[in-house]
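Structural characterization, general
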Amino acid sequence: MYDVVIVGGGIVGASLALILGQLQYKTLMIEQNAHFESHDDFQARTLALSYASKRIFSLLGLWDKLSDDAISIENIIVSMKGCYGTSRLKPPEFYESLGYVVGQKNLEQVLYTALKSQPSIEVLLGEQLIEKQPMIDGWELDLSNNTKVFCKLLIAADGSGSQLRETLKIGTDQREYDHYALLTNLKLRHSHAFTAFERFLPNGAIAILPWKENYTTCVWTTTQQEAKTLKECDEDTFLRSCEKQLPSQVGRLQACSLRIIFPLGMKLAKQQASARFLLLGNAAHSLHPIAAQGFNLSLRDIWQFRSQIIKTKEKCDLGDNAFLTKYQKERQADQNRIIFATDKIAKYMSSNILPSALRGAGLTLFDILSPLKNKFTLLGMGLS
């Protein structure tokens, strides 16, 4: 009998598994991918960690292993193309950074290495959950390796298209933004100076995050047709197109990595828990990437789960209805704030619903109103 079975071994599932292992709960994590490919720095997929996420990984004993790979975000310059309106975000007093950029594969490797030191954790790679049967005090599960296991709590951390969520008929609320995102890394001629740029365009947005050496990670949101054109054009044409959209401070672009595109939307589960079942990560709330808050929100969800266990002061039944109900109640306010902010930025600032001049004026007003800007900065850092 396992205390918890987690379906999905990405960074959300692995982070929770590590916490449960440190608290000595018998846990099985199932990931259908047999291995994770590594990439060089220029081709690496990156992840923006909020300052709160850095604190959490520090408390989990992982930051020393991540810090060599992490790049500090010390400034964020937000602007509007074609009109006046700029805001600069800096860390509040006594904070050295707004957040950090890390390689996603490196984070996965650090988490999986840490899991090997936890005797109460089992990891199954290349396997799947085939069948599940609810019981009074848990679940009976049939796995693809022809084994049968039992658990008190079943957790779905299997992404925005969660099959577990669908089989339990948990519905979702969805918003389509009629945009696609193009993701790539760019090589700059000059240093990024630990500065991130976010620029709103007449119909979309482009953002770059500092990465290793003089690399940056670029996310460009635009129409489906333009995204496809940008993906398929030759490298020089793409680089010159980026330069036209980015602020002049970024300078000349020298190269780009593999370009990928994907549709943008928001998907929220109508309920995050049911009888001895919990949704986490993108299975619970998949957000627009414009504010880079998706994983950071999920990590705070996991941290609440940990805090709630510790407050019980004794080993508890994690699938108990009262435990899961309290978890949802405690996480509701933070989730609602981030979901609201992300949706409104995507809807009003990176679309043509509002005229560019009005959006630019809004940025200027935002920059002048220090209390509002400070509150928003803390929200983005996960400290609100």
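Look up a bit, the structure's there.
Heads up: these notes are all about the structure in this document. (Residues numbered from 1 in each chain as written. Predicted model: local features only at pLDDT ≥ 70, side-chain atom pairs only at ≥ 80, totals over all residues. Heavy atoms only, no water.)

With that settled, the discussion passes to the overall build of the chain. Secondary structure summary: the chain contains eleven helices and 20 strands in total. By the compact-globule yardstick of 21 Å for 384 residues, the chain fits well, its C-alpha radius of gyration being 21 Å. Looking at the chain as a whole, 53% of its 384 residues qualify as buried. In the chain, once contacts between residues fewer than 6 apart in sequence are set aside, the share between residues at least 24 apart is 72%. Each charge sign in the chain was given a centre, from 43 positive and 39 negative side chains, and these centres are 5 Å apart. (Helix = DSSP H or I, 4+ residues; strand = E, 2+ residues; numbered from the N terminus. Rg over C-alpha atoms; globule rule 2.2 N^0.38 Å. Buried < 20%, exposed > 50% of the residue type's maximum accessible area, 1.4 Å probe, protein only. Contact = heavy atoms within 4.5 Å. Lys, Arg positive; Asp, Glu negative; His and termini not counted. Charge placed at Lys NZ, Arg CZ, Asp CG, Glu CD.)

Among the secondary structure elements, Ser-257 is positioned in the loop between strand S16 (253–256) and strand S17 (260–269). Here the side chain of Ser-257 touches Asn-185 through a polar contact of 2.8 Å, landing on its backbone nitrogen. Setting aside its immediate chain neighbours within four residues, Ser-257 contacts Phe-42, Gln-43, Thr-184 and Asn-185. (Polar contact = N/O pair within 3.5 Å; in protein donor to acceptor, adjacent residues only side chain to side chain.)

Below, the discussion takes up the packing of aromatic side chains. A full pass over the atoms with the stated rule returns seven aromatic pairs. Arranged with centres 5.1 Å apart and planes meeting at 85°, the rings of Tyr-51 and Tyr-95 form a pair that is edge-to-face. Of this pair, Tyr-51 sits in helix H2 (residues 51–59) while Tyr-95 sits in the loop between strand S6 (86–89) and strand S7 (99–103), and the two are 44 residues apart along the sequence. For Tyr-51, a relative accessible area of 8% puts it in the buried group. Between Trp-220 and Phe-238, the aromatic rings sit 6.5 Å apart at their centres with planes inclined by 40°, giving tilted as the arrangement. You can see Trp-220 sitting in strand S15 (residues 215–222) and its partner Phe-238 sitting in helix H7 (residues 235–245), a full 18 residues away along the chain. For Trp-220, a relative accessible area of 2% corresponds to the buried category. Residue classification places Phe-238 among the buried positions, given a relative accessible area of 0%. (Phe/Tyr/Trp six-rings, centres within 6.5 Å; stacked < 30°, edge-to-face > 60°.)

Direction vectors running N to C along helix H1 (residues 11–22) and helix H8 (residues 294–312) enclose 20°, while the axes themselves pass 10 Å from each other. Taken together, H1 and H8 sit at an angle that is classed as roughly parallel. As for the relative orientation of H1 and H8, their crossing is right-handed in sense. Note on element contacts: H8 touches H1 through Phe-295, Ser-298, Leu-299, Ile-302, Trp-303, Phe-305, Arg-306 and Ile-309, opposite Ile-11, Val-12, Ser-15, Leu-16, Ile-19 and Leu-20. (Axes fitted to C-alpha atoms, helices over the stretch in contact; angles between N-to-C directions. Parallel < 35°, antiparallel > 145°, perpendicular 65-115°, else oblique. Left-handed = near helix turned anticlockwise from the far one by under 90°.)

Here we have three strands laid out as an open sheet, ordered S3-S7-S4, and antiparallel in their pairing. Sheet topology places strand S3 (46–50) and strand S4 (71–73) at the edges, where each strand pairs with a single neighbour. Ignoring strand direction, the axes of neighbouring strands in this sheet form an average angle of 30°. In this sheet, S7 lies alongside S4 in antiparallel orientation, the contact comprising three bridges. Its bridge partner lying in S7, Ile-73 is registered against Gly-99. Contacts from H2 reach S3 and S7 within the one sheet, and its direction differs from that of S3 by about 90°. Set on the sheet, helix H4 (residues 104–115) makes contact with S3 and S7; between it and S7 the angle comes to about 80°. (Pairing = 2+ DSSP bridges.)

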